[in-house]
Amino acid sequence: MEVWFTELQYPGLKITCKVLQTLHREMSPFQEIVVLDTERFGRMLVLDGAIQATIADEFVYHEMLAHVPICSHHDPKDVLIIGGGDGGCAREVLRHQQIESVTQVEIDQRVVEVSRHFLPELACSFDSPRMSVCFEDGIAFVKDKEACYDVILVDAPDPVGVAAGLFSREFYESLYRALRPDGIFAAQTESPFFNKDLIGMVYGGVSSIFPIAGLYLANVPTYPSGLWSFTIGSKKYDPAQGPAETAGSMAGQGLRYYAPEVHRAAFILPPFVQALLKQEVKP
Ligand code: SAM
């Protein structure tokens, strides 16, 4: 008998993958956590029915979320990650030897524990002496921080439930305060095909708070539509100019998506995405 997993991505749109084995399933205090072994994408982390990461394509998302802002910064030392319990984002951040500390704030301890067990390719950096992980709400955590971080990465799930506030204007104001005077943040901001209003709203908010705002794209096959957006807010450095001259070389690190040319190209937007940034969207 064949077993298939279906994610309802949007009304009228589903993605279905053939499952070889269900490796884990539990209800944590925050969400349903499932790990599947799939034929096409290998092991897959699914939270509340939504695909978060798969072994086959996670590198695109994690390399682009981490390296674009870090390589844009001229002297990054202290990084904050909000969400990202699978560990893929932290793994990428720690490739940068000049980063001295990585603080990760994940609301659900069980996501980290399950990822450590079933997804060691992603969760391989939690024991690094440069890492500290705390289990609490990232929105509350960042509220009272002032000028503590050079780079903040928001590795959030879809904007529902406890993650909804990670897409709010108040949250971006907190990120601005938590960053040093040349700080920079990046957040995943969903699909330009299906989340037009969200992208417009986030970009509108970020560009009214940060002197430099940008949107960049990457292709993640298991996310709705495949075309994925990241929004970036910067106090000083323009990420669209490409990696800083001071950025450590990522050559020889085995990266499979990020490269200096890809960094620059990711900010070149098709006209329909440019139009999303000009729309008036009320929060
Ligand atoms: N790449 C992913 C995606 O978009 O599908 C995000 C992956 S990562 C697993 C998202 C993590 O954010 C989850 O583990 C979830 O528990 C965590 N999270 C959700 N809301 C949060 C909050 N308010 N503070 C901190 N972490 C949060």
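1. Some words on the sheet that holds strand 8 (residues 131–134)
In spatial order, the strands read 8-7-6-9-10-12-11; together these seven strands make up an open sheet with mixed pairing. Only two strands of the sheet have a single partner each, and these edge strands are strand 8 and strand 11 (212–219). On average, each strand axis in the sheet is inclined to that of its neighbour by 15 degrees, with strand direction left out of account. As judged from the five bridges shared by strand 9 (residues 149–155) and strand 10 (residues 179–188), these two strands associate in the parallel manner.

2. Structural notes on the nonpolar core
If you look at the biggest cluster of nonpolar residues, it comprises 38 residues, and the most contacted ones within it are Met64, Ile81, Val93, Leu153, Tyr216 and Phe230. Mapped by element, the contributors of at least two residues to this core are helix 1 (58–72), strand 6 (78–83), helix 2 (88–93), strand 9, strand 10, strand 11 and strand 12 (227–234). Ranked by the residues each element gives to this core, the list is headed by helix 1, at nine residues. Beyond its immediate sequence surroundings of up to four residues, Ile81 is in contact with Cys89, Ala90, Val93, Val102, Thr103, Gln104, Val105 and Leu153. Membership of the second largest hydrophobic core comes to 25 residues, among which are Leu80, Val142, Val154 and Leu166.

3. Some thoughts on the packing of helix 5 (residues 169–178) against helix 6 (residues 196–209)
One can describe the packing of helix 5 onto helix 6 by two numbers: an axis separation of 10 Å at closest approach and a directional angle of 35 degrees. Where helix 5 crosses over helix 6, the two elements pack in a sense that is right-handed. Residues Arg169, Tyr172, Glu173 and Tyr176 of helix 5 touch helix 6, and the partners they reach there are Val202, Gly205, Val206, Ser208 and Ile209. Of the residues that constitute the contact of helix 5 with helix 6, the class distribution is five nonpolar, two polar and two charged.

4. Some remarks on the packing of aromatic side chains
Inspection of the entire model under this criterion finds twelve aromatic pairs. With 5.2 Å between their ring centres and 45 degrees between their planes, Phe185 and Phe210 make a pair best called tilted. Highlighted residues: Phe185 in strand 10 and Phe210 in the loop between helix 6 and strand 11, separated in sequence by 25 residues. Take Phe185 and Phe210: they sit in the same class, and that class is buried. Through a chain of ring-to-ring contacts, three or more aromatic side chains come together here, namely Tyr61, Tyr216, Tyr223, Trp228, Phe230 and Phe267. Against the face of Tyr176 rests Lys235, its NZ or CZ located 4.0 Å from the ring centre.

5. Points about the site of the ligand
Taken together, 25 residues form the shell around the ligand, and within it Gln31, Glu106, Asp137, Gly138 and Tyr223 come nearest. A distance of 2.9 Å separates an oxygen atom of the ligand from a polar side-chain atom of Gln31. A distance of 3.4 Å is found between a nitrogen atom of the ligand and a side-chain nitrogen or oxygen belonging to Asp155. Relative to its unbound accessible area of 600 Å², the ligand is 99% covered by the protein chains. When grouped by side-chain class, the residues that make up the shell around the ligand number twelve nonpolar, seven polar and six charged. Residues lining the shell around the ligand come from more than one domain, with at least three contributed by each of domain 1 (3–54) and domain 2 (58–278).

6. With respect to the sheet that holds strand 2 (residues 13–27)
With respect to topology, five strands assemble into an open sheet ordered 1-2-3-4-5, the strand pairing being antiparallel. Among the strands making up the open sheet, the edge pair consists of strand 1 (3–10) and strand 5 (50–54). The average undirected angle you get between the axes of adjacent strands in this sheet is 45 degrees. Inspection of the sheet shows strand 4 (residues 42–47) paired to strand 5 by four bridges, in the antiparallel sense. Each bridged residue has a counterpart across the sheet, and for Leu45 the counterpart in strand 5 is Ala53.

7. A word on the pattern of salt bridges
Applying the stated rule across the entire model yields 15 salt bridges. Glu26 is paired through a salt bridge with Arg110; the nearest N and O atoms lie 2.6 Å apart. On the criterion of sequence distance, the pair formed by Glu26 in strand 2 and Arg110 in helix 3 (residues 109–118) is long-range, its members being 84 residues apart. With relative accessibility at 29%, the residue Arg110 sits in the partly exposed group. One continuous salt-bridge network, built from bridges that share partners, spans Glu58, Arg91, Glu92 and Arg95.

8. Comments concerning helix 3
Those residues of helix 3 lying buried are Val111, Val112, Val114, Ser115 and Phe118. The inward-facing, buried residues of helix 3 abut strand 2, strand 3 (32–38) and strand 4.

Criteria and thresholds
Residues numbered from 1 in each chain as written. Predicted model: local features only at pLDDT ≥ 70, side-chain atom pairs only at ≥ 80, totals over all residues. Heavy atoms only, no water. Pairing = 2+ DSSP bridges. Helix = DSSP H or I, 4+ residues; strand = E, 2+ residues; numbered from the N terminus. Axes fitted to C-alpha atoms, helices over the stretch in contact; angles between N-to-C directions. Core = buried A, V, L, I, M, F, W, Y, C linked by side-chain atoms within 4.5 Å. Buried < 20%, exposed > 50% of the residue type's maximum accessible area, 1.4 Å probe, protein only. Contact = heavy atoms within 4.5 Å. Left-handed = near helix turned anticlockwise from the far one by under 90°. Nonpolar A, V, L, I, M, F, W, Y, C, P; charged D, E, K, R; others polar. Phe/Tyr/Trp six-rings, centres within 6.5 Å; stacked < 30°, edge-to-face > 60°. Lys NZ or Arg CZ within 6 Å of the ring centre and 35° of its normal. Near = heavy atom within 4 Å. Polar contact = N/O pair within 3.5 Å; in protein donor to acceptor, adjacent residues only side chain to side chain. Areas by Shrake-Rupley, 256 points an atom, 1.4 Å probe, with all protein chains shown as cover. Domains from an automatic or database assignment. Salt bridge = Lys/Arg side-chain N within 4 Å of Asp/Glu carboxyl O.

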